[in-house]
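Residue-level structural notes
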Amino acid sequence: MKSILIKAIPFLIVFFAINFIVYKTSPFYKQESKYSNRIDSIISSKPKVVFLGDSHSESIKHLNLSENVGNLAFGADGIKEMYIKTLIMDKYNPELEYVFISTEPQMFNNSISSNSTFLNKYLLKIKDPKNIYNKSNLNLITENIPYLNDNYLRYFLNNVYAYLRNINKSDTNGNTPINWSEVSNSEKIKIASNAGIADHNGIMTNDEDLEIYKAIVNKLKLKNVKVIGIRFPVNEHYLNQCNKEDFDRVNHFINNLNLDYNLDYSLKLKNALYFENEDHLNKIGMQKLSKLIYRDTGIKLSK
Amino acid sequence: MLFNSFEFVIFFSIVFFVYYKSYNNLKYQNVILLVSSYVFYGWWDWRFLSLIIISSISDYLIGYAIDKNNNKKQRKQLLILSLFVNLGILGFFKYYNFFTESFTDFISIFGFESNPSFLNIVLPVGISFYTFQTMSYTIDIYRNKMSANKNLLEFMTFVSFFPQLVAGPIERASHLLPQFGKKRKFDPYEFKEGIKQSFWGLFKKIVIADNCAFYANQIFENSDSYPGSVLVVGVVLFAFQIYGDFSGYSDIAIGISRMMGIDLMQNFKSPYLAENIQDFWRRWHISLSTWFRDYVYIPLGGSKVNSSFRRSLNIIITFVVSGFWHGANWTFIIWGALHSLFYFIQTAYSKNLNTLKILPASLVKVFNITVTFIAVTFAWIFFRAESFTHAINYISEIGSSTILVNPISYLRDMGASIQPIIIIIGLIYLSVFEISNRNASYSFQVGHYKTPVKTLIYCSLLFLLIFFRATNGSVDFIYFQF
């Protein structure tokens, strides 16, 4: 028995050494500190207004945000991540009055977000009655070991695959490394359409996500927090990739939630100068949008 | 608690350590196994432990009573009582709603209407497995094939032994029960072999089955949206999913039992290399097929009846009952019936093919293996489908012109860019061992290689387990629902 265990020790040492190096050097885990720093700062500043959503909502980072406004949105966040962040706010932010929640169709697609890994340390502190990630406390701890973490492994394998296919890394992140306003119209259509197809895949196919979305709204309403649905401006060719039937189903679902406001700016800003790329506003665009939000809700986002 | 979870790794490490420390005391060993088995089962739902305890105690007492009784009539009555208790529990939890619904549908044909009350109950995990295991005990005592066990602790450990409690292999009392009456000693060879077999099972589950499940589940759940060619891919992937899933479970169960000095029966023997349906059932879920052979087919008369009609009927009954064992749905019954149909067809044409001798033996073998695989895979459609209509629609689409549509873009839309490559590599790896060790107790046999090659093979297996495991969330073992 002892000899068998002794033989296993070198393998275990190598395994944990590799994992340690990956944990310390991988961009995936570097993203974790960025992610948790943002949550921690909101927990300590306790803003009255909070944004939840993916990279579209995250664009408010271009603004010099008022102390009352917190940005909890993060690229690649899905409905599940918004739900956990709602629970975090529920526990740590009694000052909360307004939550801007993304109602964009791509939020309802069937992709799996790897950001759930970054919420593990919060999941150990808060209680998620739904256990939406189906993770035990033991899973939450073992996911700190990169090669035992499904999200990291998926990220790693996708990078290997992209490398093998000689795909530019920035393409896999969904960002276009070019100045959007200088891109030709035909090129804009092509880029926006491709991104739109990828982002609107399998919309409204996950019933569990819809239940979680409802739970977010109900939880906030129960605390008398006003819930403001918001759609950020995007290129029309990006949005057109969501087929009409799916789009109507999303709208029908959102309308039935009785949100306090339902703001749709999807096609409100069309000038390419406002955009960083096909579906993200730049600083100028964000400033323009913040004025529209102020006009419609009376909430001032920037200082 | 799944075998492929960290909870189980910790659970088993603790159990094994305590068990290892108690090697000098048989009673402690059995107490540890019994308690850990109840903890293992109670992890899902502790309330259903009561069913195992009821089943264990009733069969222990009835078995004892049958053994002590010399009156033939009374022995039969006691056996009926045992079957009534076991099948009663199984029937109530698993088949009540099915029978009620089928009865309502049946009388509605004649214009009668009824409002039956259906039970909103959860099916206890592994109920069909341990029920059949305990039933074999009382039947064997009744047939004078074994004596009753007088030690309640040993008997309860036999019924609830955690590695095989929820998904088999369905052990015979005559093989497993005596092992709990002997002190188990640590055997380094068995321990190492047990680890190897467990890792091989883990590979089949998390690399083969769970990666195939990613596509197979999407395709079966949205089969209306896909062309026939994608549906073919879906059912082939399901064939490997269910094989990886179930045989993987069996290998892990047998492996961890070996580590603890308990020998479980072989449950799979490269079934997709079977040359005909009969051969398939000698290689697939062996513990169940031999159970039905011994306790259904042979008591019906088996092949020793005079009339060929009766012989055929015995085969059909056995296959259909075996299908029904899997679940309370017509799809399982049809699945079983299809296997009997394929059995007859293949028996007929094999005779002709062998008589003609137009092909070399090796080609005939490859041809037979291919035909058997296609037949078995076709039958899986009924096994996996939600309903009879679903299965028929699935088959109709495969039979349509959409079978010629290129499935690649549909598979790409399902996501997971690297998954097809992983599945292909995993299946090649599996096939190499399955083909080269077709008749071994399990296919990951590397003992005959030199040390550097062996090390390379072990490292490759570890590599696949770490890097090529499915990353889309854990998938429950399919056979838990039975």
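Keep in mind that this is a model prediction, so the values were computed, not measured.

1. Quick word on unusual backbone geometry
With the exception of glycine, the majority of residues adopt a negative phi angle, and the majority of peptide bonds are in the trans configuration. All names here are of chain A. One non-glycine residue with positive phi stands out, namely Ala76, at about 75°. Along the polypeptide, Ala76 turns up in the loop between β2 (69-71) and α4 (79-92). Of note in this structure, Met204 is not a glycine but carries a positive phi near 60°. Along the chain, the position of Met204 falls in the loop between α9 (185-199) and α10 (207-222). The exposure class of Met204 is buried, given its relative accessible area of 8%.

2. A closer look at empty space enclosed by the protein
Under the defined criterion, the tally for this structure stands at three cavities of 30 Å³ or more. Broken down by element, the lining of the largest cavity gets its largest block of residues, five residues, from helix α10 (residues 228-259) of chain B.

3. Concerning the UniProt feature "transmembrane region" (unreviewed entry) in chain A
Taken from the UniProt record, the annotation "transmembrane region" (unreviewed entry) applies to residues 6-23 of chain A. Secondary structure across residues 6-23 of chain A comprises 100% helix and 0% strand; the distance between its end C-alpha atoms is 26 Å.

4. Some remarks on the sheet that holds strand β4 (residues 226-231) of chain A
Residues and elements named next belong to chain A. What the five strands build is an open sheet, ordered β2-β1-β3-β4-β5; its pairing is parallel. The sheet is open, and its two edges are formed by β2 and β5 (261-264), each paired on a single side. Here the average twist between neighbouring strands, direction ignored, is 20°. Inspection of the sheet shows β4 paired to β5 by four bridges, in the parallel sense. Across the sheet, the residue bridging to Gly229 is Asn262, located in β5.

5. With respect to a nonpolar patch on the surface
On the surface, a nonpolar cluster with roughly 370 Å² of combined accessible area is contributed by Ile10, Ile14, Phe17 and Val18 of chain B. Take Phe17 of chain B: it is sitting in helix α1 (residues 6-21).

6. Describing helix α4 (residues 72-109) of chain B
Residues and elements named next belong to chain B. The end-to-end C-alpha separation of α4 is 44 Å, well short of the 56 Å expected for 38 residues at 1.5 Å each. Of all the bends in α4, the greatest measures close to 65° and is centred on Tyr95. Sitting at the amino-terminal end of α4 is Asn71, which places a side-chain oxygen 2.9 Å from the backbone nitrogen of Lys73. One or two steps after α4, the chain reaches Gly111, where phi turns positive at roughly 85°.

7. Some remarks on the packing of helix α18 (residues 419-436) of chain B against helix α19 (residues 451-467) of chain B
Residue and element names in this part refer to chain B. Closest axis-to-axis distance for the α18/α19 pair is 12 Å, and the angle between their directions is 145°. Helix-helix and strand crossings are classified by hand; for α18 and α19 the assignment is left-handed. Of α19, the residues touching α18 (which contributes Ile425, Tyr429 and Phe433) are Ile457, Ser460, Leu461 and Leu464.

8. Some words on the interface of chain A and chain B
With 20 residues of chain A at the interface, the matching set in chain B holds 23 residues. Note on chain A versus chain B: buried area summed over both sides is about 2000 Å², and carbon and sulfur give 67% of it. The tally of links between chain A and chain B comes to one salt bridge. The salt bridge involving Asp150 of chain A is made with Arg469 of chain B; its shortest N-O contact spans 2.9 Å. The interface formed by chain A and chain B includes four residue pairs in polar contact (both at pLDDT 80 or more). Of all the secondary structure elements, the ones that give two or more residues to the side of chain A that touches chain B are α1 (2-25), α6 (137-142) and α7 (150-164) of chain A. The greatest single-element share of the side of chain A that touches chain B, amounting to seven residues, is contributed by α7 of chain A.

9. Digging into the nonpolar core
Formed by 207 residues in total, the largest nonpolar core has its most connected members in Phe108 of chain A together with Tyr272, Trp284 and Trp380 of chain B. With 16 residues, α10 of chain B is the single largest residue contributor to this core. When sequence neighbours within four positions are dropped, the list of residues in contact with Tyr272 of chain B reads Ala239, Phe240, Ile242, Tyr243, Phe280, Trp284, Ile369, Phe373, Val376 and Trp380 of chain B. Val49, Leu65, Leu269 and Ala272 of chain A belong to the second largest nonpolar core, which has 26 residues in total.

10. Things to note about the pattern of salt bridges
Residues and elements named next belong to chain B. Per the stated rule, a full pass over the model turns up 28 salt bridges over all chains. When the shortest N-O distance is used, the salt bridge between Asp45 and Arg47 registers 2.6 Å. Note on Asp45: relative accessible area 16%, which makes it buried. Here Asp279 makes a salt bridge to Arg283, at a shortest N to O gap of 3.1 Å. Residue Asp279 and its partner Arg283 are both found in helix α11 (residues 277-283); the two are separated by four residues, about one turn of the helix. For Asp279, a relative accessible area of 10% translates into the label buried. Owing to a relative accessible area of 5%, Arg283 belongs among the buried residues under this scheme. Linked through salt bridges whose partners overlap, the residues forming this network are Glu275, Asp279, Arg282, Arg283 and Arg438.

11. Remarks on α10 of chain A
Residues spaced three or four apart along an α-helix point in a common direction, a consequence of the helix completing one turn every 3.6 residues. Residue and element names in this part refer to chain A. With 16 residues, α10 ought to run about 22 Å at 1.5 Å a step, and its terminal C-alpha atoms sit 22 Å apart, in line with that. Residues of α10 that are buried include every one of Asp209, Leu210, Ile212, Tyr213, Ala215, Ile216, Val217 and Leu220, and no others. On its buried face, α10 is in contact with α4, β3 (98-102), β4 and α12 (244-255). The N-cap residue of α10 is Asn206: its side-chain oxygen and the backbone nitrogen of Glu208 are 3.0 Å apart. Within two residues after α10, Asn224 carries a phi angle of roughly 60°, on the positive side.

12. Focus on the pairing of β3 of chain A
All names here are of chain A. With four of five residues buried, β3 is to be regarded as a mostly interior element. Taken together, the four bridges between strand β1 (residues 49-52) and β3 define a ladder with parallel strand orientation. The partner of Leu52 across the bridge, within β3, is Ile101.

13. Focus: the side chain of Ser287 of chain B
Residues and elements named next belong to chain B. Here Ser287 is to be found in helix α12 (residues 286-297). Residue classification places Ser287 among the buried positions, given a relative accessible area of 0%. For Ser287, the side chain forms a polar contact with the main-chain nitrogen of Ile170, separated by 3.0 Å. With sequence-adjacent residues up to four places away left out, Ser287 is seen in contact with Pro169, Ile170, Arg172, Met265 and Asn267.

14. Regarding the environment of Leu87 of chain A
All names here are of chain A. Considering the arrangement of structural elements, one finds Leu87 in helix α4. For Leu87, a relative accessible area of 6% gives the class buried. Measuring from C-alpha to C-alpha, the distance between Leu87 and Lys219 comes to 8.4 Å, with 132 residues separating the pair along the chain. If we ignore the near neighbours within four places in the chain, the residues touching Leu87 are Ile126, Lys127, Asp128, Pro129 and Lys219.

15. Side note on the side chain of Glu434 of chain B
Residues and elements named next belong to chain B. Residue placement: Glu434 occurs in helix α18. We note that Glu434 is buried and unpaired, the nearest opposite charge coming from Lys204 at a distance of 4.4 Å. Side chain to side chain, Glu434 and Ser270 meet in a polar contact 3.5 Å long. The residues touching Glu434, leaving out its near neighbours within four places in the chain, are Lys204, Tyr243, Ser270, Leu273 and Ser443.

What counts and what doesn't
Residues numbered from 1 in each chain as written. Chains lettered and ligands numbered in written order. Predicted model: local features only at pLDDT ≥ 70, side-chain atom pairs only at ≥ 80, totals over all residues. Heavy atoms only, no water. Helix = DSSP H or I, 4+ residues; strand = E, 2+ residues; numbered from the N terminus. Buried < 20%, exposed > 50% of the residue type's maximum accessible area, 1.4 Å probe, protein only. 1 Å grid on protein atoms, 1.4 Å probe; cavity = no way out; pocket = protein on both sides within 12 Å on 5 of 7 lines; lining within 4 Å. Points joined across faces, edges and corners; volume = space filled by probe spheres on them. UniProt positions renumbered as here; feature names shortened; annotations may be inferred. Pairing = 2+ DSSP bridges. Axes fitted to C-alpha atoms, helices over the stretch in contact; angles between N-to-C directions. Patch = residues over 30% accessible without salt bridge, like charges linked within 9 Å, V, L, I, M, F, W, Y side chains within 5 Å. Areas by Shrake-Rupley, 256 points an atom, 1.4 Å probe, with all protein chains shown as cover. Salt bridge = Lys/Arg side-chain N within 4 Å of Asp/Glu carboxyl O. Expected span 1.5 Å × (residues − 1). Bend = angle between axes of the 7 residues up to and from the residue. Polar contact = N/O pair within 3.5 Å; in protein donor to acceptor, adjacent residues only side chain to side chain. Left-handed = near helix turned anticlockwise from the far one by under 90°. Contact = heavy atoms within 4.5 Å. Buried area = accessible area lost by both parts, 1.4 Å probe. Core = buried A, V, L, I, M, F, W, Y, C linked by side-chain atoms within 4.5 Å. Lys, Arg positive; Asp, Glu negative; His and termini not counted.

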